[in-house]
Amino acid sequence: MSATVRPKTSFVTTPRATLAPRPPAVSPSERGTPAVDIRGFSFAYGDRQVLRNLEFSIERTAVTAIIGPSGCGKSTFLRSINRLNDLIPGTRHQGDILVEGRSVYAPGTDLVALRQRVGMVFQRPNPFPKSVFDNVAYGPRLNRLVSRRDLPDLVERCLRQAALWDEVKDRLEEPATGLSGGQQQRLCIARTLGNQPELLLMDEPCSALDPIATQRVEELIFELKRDYTIVIVTHNMQQAARVSDFTGFFDRGELVEFDDTERIFTSPAHERTEAYITGRFG
Amino acid sequence: MTTSLASEPSTPPDVQESRSLELASYGDRVFRWLLTLGALFIPVLLGFLVYELWQGSRLAIGEFGLSFVTTSTWDPVAEEFGALPLIFGTLISATIALVIAVPLSLGVAIYLSEFAPKSVRQPVAFLISLLAAIPSVVYGLWGIFVLIPLLRTTAFPFLRDAFAFLPLFQGPIYGPSMFSAGIILAIMVMPYIMSVSREVLLAVPDSQREAALGLGATRWEAVITAVLPYARSGIAGAVILGLGRALGETMAVTMVIGNRHEIAASLFAPGYTMAAAIANEFSEAVGDMHLSALAYVAFLLFVVTVLVNAGARLLIWRVARGSGIGSKAL
Ligand SMILES: Nc1ncnc2c1ncn2[C@@H]1O[C@H](COP(=O)(O)OP(=O)(O)O)[C@@H](O)[C@H]1O
Ligand SMILES: [Mg+2]
């Protein structure tokens, strides 16, 4: 299969499904199903096979860490969940990924809706050169999530959730690019929350931050997992051990091991996992 | 150098090193002076240019003063000169050029940097840069032999019928006209605006696109709401570059504008620009006053160019500064 044609290429004025603000609490009937279900998923850039037959589930309102050596396909995996890889020509995939029970790769999937439901935080903070307010309001405006009147409330709520409100409440109209790196990354998290996502993907969100900013983001992740399902890729073993409930170890595009974080870090089942977390390779 | 043996004399290398350092710093100083001189050369040249223009136009300035810019008579025989139609023509033709060229160039630049298949991007960008290398007299000839006949038989009658209520599109259609000049200018400045804005768009980091797409933007929305705002000051620079070209272009304009010292409401009527008038009349000017009037025009062209550029820059500075603030994007 070649790069999937985006179903929607129309202009700004396309009507979108108006989603009422979704209460983060999850109904009991949903509790049984995993938040993300990866079913025999493989992925290739042209001839280069990067993910091989992944098969595991990600639990709701928990933090799942993905660890593994550089180039093993962690970013590719995250970008497969919100289909950001579609932009790259010549990619192929097999199998499927279900987010909250809905297929990501079924034909006719609405990518706009998918990416609104699945938020992503990138390795380097990438705020828009707009005001702090406009950054957080970007998603809700784009996806017509709330009325203009309710926007300031939503922005404040997201900034509070991202533990940034107190630092920026007096400079909402100032350019976001003037914030420090750590603040920018928390702003990017707030911007993602603005879309009221079901799932948060974080690709090494702290790798460009200093230790103090890193700690703040980790605390934030800990807070957010009460309401959100979080998948975080990290190079930092301590970070994975600190913030996550579950850990998956990837090597060369395969899922070597997936288990409780505590189990992975105390008694991994596989030798490769142990070698990696004790720093003997990778 | 640090591992010198005890038996070896340790001073010679040090001496040599300090001497070569001294030499280098001497070289540094010379180099700096040369560069400073080079940099000073530009303002000096500019000052000299202004002074010369001023000197050349003193006769006309003494005779007509500021009324030169507010009157429209241009009569070399009676030695009466007023440059208003020339200033008008310069500004209007450049405006027409930008109104046509900016959206088209931006569209092409966006297509090339965001949507075109890889195999199309380079060849088209190369062809566009070739367009910029065509001498303007060739554009002028093409204007006379191809563009004007085409406009006279198709576009102009259509516009006159469709927008009959607008004074802009009324009156007899000659062919050579303000509108033809604007279109030729648009074609001539497009390569510049296009290739510079393409470069600017290519310089927008992919992380900005990914941020927008990751938040649920379509590719178009990502361009409109993230890529273009990020690139706005660079694109504005591209437009200013095009504007500068349009204001100063001479040869092609004089070949298609009709060269008449008149202000007309209709874009179908012939006009004139400052640059075109100088080029056309300088060699045939007889009287001192006529020559001096042309130098005055040149001086004014200089002033207008500086003013328009400064104004555009100020505007952009405001926009670039203002749009980061205020929650009214989208
Ligand atoms: N756009 C791309 N085109 C081709 N190959 C890619 C592309 N992006 C990543 N890869 C390759 O896929 C492999 C996995 O990359 P990635 O998912 O970024 O790894 P990780 O995030 O684990 O370091 C790497 O070998 C990389 O070279
Ligand atoms: Mg990566």
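Residues numbered from 1 in each chain as written. Chains lettered and ligands numbered in written order. Predicted model: local features only at pLDDT ≥ 70, side-chain atom pairs only at ≥ 80, totals over all residues. Heavy atoms only, no water.

### Structural notes on the site of ligand 1
All names here are of chain A. Put simply, the test is: The criterion for a residue being near a molecule or strand is simple. One of its heavy atoms has to lie within 4 Å of it. Polar contact is defined as a pair of N or O atoms within 3.5 Å, subject to the rule that within protein one atom must be able to donate a hydrogen and the other to accept it, and that residues adjacent in sequence are counted only when both atoms are side-chain atoms. Only DSSP runs of H or I reaching four residues or more are called helices, and only runs of E reaching two or more are called strands; each is numbered from the N terminus. We call Asp, Glu, Lys and Arg charged. Ala, Val, Leu, Ile, Met, Phe, Trp, Tyr, Cys and Pro are nonpolar, and the rest, Gly among them, are polar.
Surrounding ligand 1, one finds Tyr45, Arg48, Val50, Ser70, Gly71, Cys72, Gly73, Lys74, Ser75, Thr76 and Ile88. Between an oxygen atom of ligand 1 and a main-chain N or O atom of Gly71, the distance comes to 2.7 Å. Within the backbone of Lys74, a nitrogen or oxygen atom sits 2.8 Å from an oxygen atom of ligand 1. Elements supplying a minimum of two residues to the shell around ligand 1: strand S2 (48-58) and helix H2 (74-81). The element that contributes the greatest number of residues to the shell around ligand 1 is H2, accounting for three residues. Looking at the shell around ligand 1, its residues break down into four nonpolar, five polar and two charged.

### Points about the pairing of strand S9 (residues 246-251) of chain A
All names here are of chain A. How we decide: Each residue is assigned to one of three classes by its accessible area relative to the maximum for its type, calculated with a 1.4 Å probe on protein chains only: buried under 20%, partly exposed between the two thresholds, exposed over 50%. Here a strand pair is declared whenever DSSP counts at least two bridges between the two strands.
Among the six residues in S9, six count as buried, and that is most of the element. Every second residue of S9 is oriented toward a common face, with Phe246, Gly248 and Phe250 on one face and Thr247, Phe249 and Asp251 on the other, all of them buried. Strand direction decides the pairing type here: strand S3 (residues 63-67) and S9, joined by four bridges, are parallel. Note on S9: the bridge partner recorded for Ala65 is Thr247. Of the strand pairs in this sheet, S9 and strand S10 (residues 254-260) are connected by six bridges, and their pairing is antiparallel. Counterpart to Phe249 in the pairing with S10 is Glu257. With antiparallel pairing between neighbouring strands as the criterion, S9 and S10 make up a hairpin whose turn holds two residues, including Arg252 at a positive phi of roughly 45°.

### With respect to the nonpolar core
Applicable threshold: Joining through side-chain atoms within 4.5 Å is the link that ties buried Ala, Val, Leu, Ile, Met, Phe, Trp, Tyr and Cys residues into a set, and such a set is a nonpolar core. Any two residues whose heavy atoms approach within 4.5 Å at even a single point are treated as in contact.
With 81 residues, the main nonpolar core has Phe68(B), Trp74(B), Leu86(B), Phe179(B), Leu201(B), Met274(B) and Val297(B) as its most contacted residues. Elements that contribute at least two residues to this core include exactly helix H1 (11-64), helix H2 (84-115), helix H4 (136-162), helix H5 (178-202), helix H7 (219-248), helix H8 (251-256), helix H9 (274-281) and helix H10 (288-322) of chain B. The greatest single-element share of this core, amounting to 14 residues, is contributed by H5(B). Dropping the residues within four chain positions of it, Trp74(B) is found in contact with Phe68(B), Glu80(B), Phe81(B), Gly82(B), Leu86(B), His261(B), Glu281(B), His290(B), Ala293(B), Leu294(B) and Val297(B). If you look at the next biggest cluster of nonpolar residues, it comprises 43 residues, including Val63(A), Leu193(A), Leu209(A) and Val217(A).

### Some points on the confidence of the model for chain B
The predicted coordinates ought not to be read in detail in places where the model reports low pLDDT. Residue and element names in this part refer to chain B. The line we're drawing: By definition, pLDDT measures how confident the predictor is in each residue, and it falls between 0 and 100.
Looking at chain B as a whole, its pLDDT mean stands at 87, while 90% of the residues score no less than 70. Low confidence marks residues 1-10, where pLDDT is under 50. Its contacts with residues over four positions away, or in another chain, come to three contacts. A low-confidence stretch, residues 322-330 stays under pLDDT 50, and its non-local contacts, those more than four residues away or across chains, total 23 contacts. Taken together, the chains of this predicted complex give a pTM of 0.82 and an interface ipTM of 0.85.

### Structural notes on helix H7 (residues 181-194) of chain A
Residue and element names in this part refer to chain A. Condition: Helices are assigned an expected span. That span is 1.5 Å times one less than the residue count.
The terminal C-alpha atoms of H7, which comprises 14 residues, lie 20 Å apart, in line with the 20 Å expected from a rise of 1.5 Å per residue. Among the 14 residues in H7, 13 count as buried, and that is most of the element. Downstream of H7 by one or two residues, Gln196 has phi in the positive range, about 50°.

### Topic: the packing of helix H5 (residues 151-161) of chain A against H7(A)
Residues and elements named next belong to chain A. Basically, it comes down to this: For helices, the fitted line uses only the C-alpha atoms of the stretch in contact; every axis is such a line through C-alpha atoms, and the angle between N-to-C directions lies from 0 to 180 degrees. Roughly parallel means an angle under 35 degrees; roughly antiparallel, over 145; roughly perpendicular, 65 to 115; everything else is oblique. For any helix crossing, the convention is left-handed if the near helix is rotated counterclockwise from the far helix by under a right angle, and right-handed if that rotation is clockwise.
Running from N to C, H5 and H7 cross one another at 130°; their axes reach a closest spacing of 8 Å. One element, H5, and the other, H7, form an angle in the oblique class. As for the relative orientation of H5 and H7, their crossing is right-handed in sense. Two secondary-structure elements touch here, H5 through Leu154, Cys158, Leu159 and Gln161 and H7 through Leu187, Ala190, Leu193 and Gly194.

### Here's the deal with the pairing of strand S7 (residues 199-203) of chain A
Residues and elements named next belong to chain A. Basically, it comes down to this: Crossover handedness is defined by viewing with both strands directed away from the observer: a clockwise path from the first strand over the helix to the second marks the crossover as right-handed.
The buried count for S7 comes to five of five residues, which makes it a mostly enclosed element. Residues Leu199, Leu201 and Asp203 point to one face of S7 and Leu200 and Met202 to the other, with burial holding for every one of them. For strand S6 (residues 118-121) and S7, the ladder comprises four bridges, and the chain directions are parallel. Residue Met120 lies in a different strand from S7, and its bridge partner there is Leu201. After leaving S7, the chain enters helix H8 (residues 211-224) and then returns to the sheet as strand S8 (residues 229-233), a path that is right-handed.

### Quick look at the environment of Leu21(B)
Residue placement: Leu21(B) occurs in helix H1. When the C-alpha atoms of Leu21(B) and Thr36(B) are compared, they prove to be 22 Å apart, with 15 residues separating the residues in sequence.

### Thoughts on the packing of H2(B) against helix H3 (residues 118-131) of chain B
What describes two packed helices is the angle between their axes and the distance between those same axes. Residues and elements named next belong to chain B. At a minimum axis distance of 10 Å, the contact between H2 and H3 shows a crossing angle of 155°. Taken together, H2 and H3 sit at an angle that is classed as roughly antiparallel. Judged by the sense of rotation from one axis to the other, the crossing of H2 with H3 is left-handed. Taking contact as the criterion, the partners of Val108, Leu112, Ser113, Glu114 and Phe115 in H2 are, on H3, Arg121, Val124, Ala125 and Ile128. Among the residues forming the contact of H2 with H3, the class breakdown is six nonpolar, one polar and two charged.

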